[in-house]
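The residues making up each chain are set out below.
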Amino acid sequence: MNGGAGKTALHQSHFCRAVDIERLLCEREVQFMLFRKIDGRFVAALATSCFMLAVTGCQSGGAGGLFGPAAPKDPKQIAAEEGKILASELLAYCPNVTLRDGTAFFNSYAKGGQDDPAKLTHQSAITDTTRSCTRADGTMTIKVGVAGKVVVGPAGGAGTVNMPIRIAVVRNGEVLYSQLHKNSVQVTDPSTATQFVFTDQNVVIPIPTARDIQIFAGFDEGPAKKKAQ
């Protein structure tokens, strides 16, 4: 009998040992309370709570320390701590579209009135961008969408507005794709803004191996024209 009890004591978890100590303290507290002749019902409740604490603690059993085994870390948390990207995250990766500084607006002027506010015929503005990505045969195809509006200026009216829109894809300074498009918008009511949507469905790049791709969209008038001497 003594040998069995010794083995049981040796296999007690740290938690059960802590509970035994707590139970002993509770029993001493009960004795003290009895000595002080406190309400018997309170002492009984205190003793019962100590007993429940001991039973619950020892039934939890096993290794894992005082509060049981530690919860396993989430794979995303581990990857973040190690600075790695999960394959699942890379498969879901679709680069965001960014507007370059100064490319969200495009002004059209009457002939000979460049940069003259009174000669402004139309002002075009990009107000939103979006994209979607698909993968096949080692390549990623990105559909880039651009939405905006055209407002008629002091010298403008109804008619066709042609605007140059460039879509470019860059990886660490390397240009993977760049295309200048001519987007035409028909303005029928000069008194209100005309909405437009442009989509480039032919952006194809190698499937990224890291989240290091940048997509740029914006108006591109090309290099400044030289003035005649």
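Residues numbered from 1 in each chain as written. Predicted model: local features only at pLDDT ≥ 70, side-chain atom pairs only at ≥ 80, totals over all residues. Heavy atoms only, no water.

Asks: How would you explain the overall build of the chain if you had to name every residue and give the values?
Replies: Counting its secondary structure elements, the chain contains 5 helices and 8 strands. Ordered by position from the N terminus, the helices and strands of the chain form the series α-α-α-α-α-β-β-β-β-β-β-β-β. Expressed as a percentage of its 229 residues, the buried residues of the chain come to 28%. The long-range fraction of contacts in the chain, counting pairs at least 24 apart against all pairs at least 6 apart in sequence, stands at 65%. Accessible surface for the chain amounts to roughly 15,500 Å². Of this, 55% is attributable to carbon and sulfur atoms. (Helix = DSSP H or I, 4+ residues; strand = E, 2+ residues; numbered from the N terminus. Buried < 20%, exposed > 50% of the residue type's maximum accessible area, 1.4 Å probe, protein only. Contact = heavy atoms within 4.5 Å. Areas by Shrake-Rupley, 256 points an atom, 1.4 Å probe, with all protein chains shown as cover.)

Asks: Pulling in residues and values, what's your account of the side chain of Thr 103?
Replies: Locating Thr 103 in the fold gives a position in the loop between strand S1 (97-99) and strand S2 (105-109). Apart from residues lying up to four places away in sequence, Thr 103 is in contact with Ile 126, Ala 217, Gly 218 and Phe 219.

Asks: Let's hear about the sheet that holds strand S3 (residues 120-136): which residues, and what values?
Replies: Reading across the sheet, the 4 strands line up as S2-S3-S4-S7 and stay open at both edges, with antiparallel pairing between neighbours. Sheet topology places S2 and strand S7 (194-206) at the edges, where each strand pairs with a single neighbour. The mean inter-strand angle of the sheet, taken between neighbouring strand axes irrespective of direction, is 25°. Taken together, the 5 bridges between S2 and S3 define a ladder with antiparallel strand orientation. From the neighbouring strand, Phe 105 faces S3, where its bridge partner is Ala 125. (Pairing = 2+ DSSP bridges. Axes fitted to C-alpha atoms, helices over the stretch in contact; angles between N-to-C directions.)

Asks: Talk me through the pattern of salt bridges; I want residue IDs and the actual numbers.
Replies: Per the counting criterion, the structure on display carries 2 salt bridges. Across the salt bridge formed by Arg 166 and Asp 220, the nearest N and O atoms sit 2.5 Å from each other. Residue Arg 166 is found in strand S5 (residues 159-171), and its partner Asp 220 is found in the segment after strand S8 (213-219); the two are separated by 54 residues along the sequence. Taking relative accessible area as the criterion, Arg 166 reaches 27% and is therefore assigned partly exposed. Residue Asp 220 is classed as partly exposed on the basis of its relative accessible area of 22%. Here Arg 171 makes a salt bridge to Glu 174, at a shortest N to O gap of 3.2 Å. Assessed through its relative accessible area of 41%, Glu 174 is described here as partly exposed. (Salt bridge = Lys/Arg side-chain N within 4 Å of Asp/Glu carboxyl O.)

Asks: Go over the packing of aromatic side chains, please, and point to the residues and values.
Replies: One pass over the structure, following the stated rule, counts 1 aromatic pair. Here Phe 106 and Phe 219 contribute two aromatic rings whose centre-to-centre distance is 5.8 Å and whose plane-to-plane angle is 35°, an arrangement assigned as tilted. Here the residue Phe 106 occupies a position in strand S2, and Phe 219 occupies one in strand S8, the gap between them amounting to 113 residues. Judged by relative accessible area, Phe 219 falls into the buried class, the value being 6%. (Phe/Tyr/Trp six-rings, centres within 6.5 Å; stacked < 30°, edge-to-face > 60°.)

Asks: How would you summarise the nonpolar core if you had to cite specific residues and measurements?
Replies: Formed by 26 residues in total, the largest nonpolar core has its most connected members in Met 163 and Ile 167. Taken together, the elements giving at least two residues each to this core come down to strand S4 (139-152), S5, strand S6 (174-187), S7 and S8. At 6 residues, the largest contribution of residues to this core is made by S4. Not counting chain neighbours up to four residues away, the residues in contact with Met 163 comprise Phe 106, Ser 124, Val 150, His 181, Lys 182, Asn 183, Val 185, Phe 196 and Phe 219. (Core = buried A, V, L, I, M, F, W, Y, C linked by side-chain atoms within 4.5 Å.)

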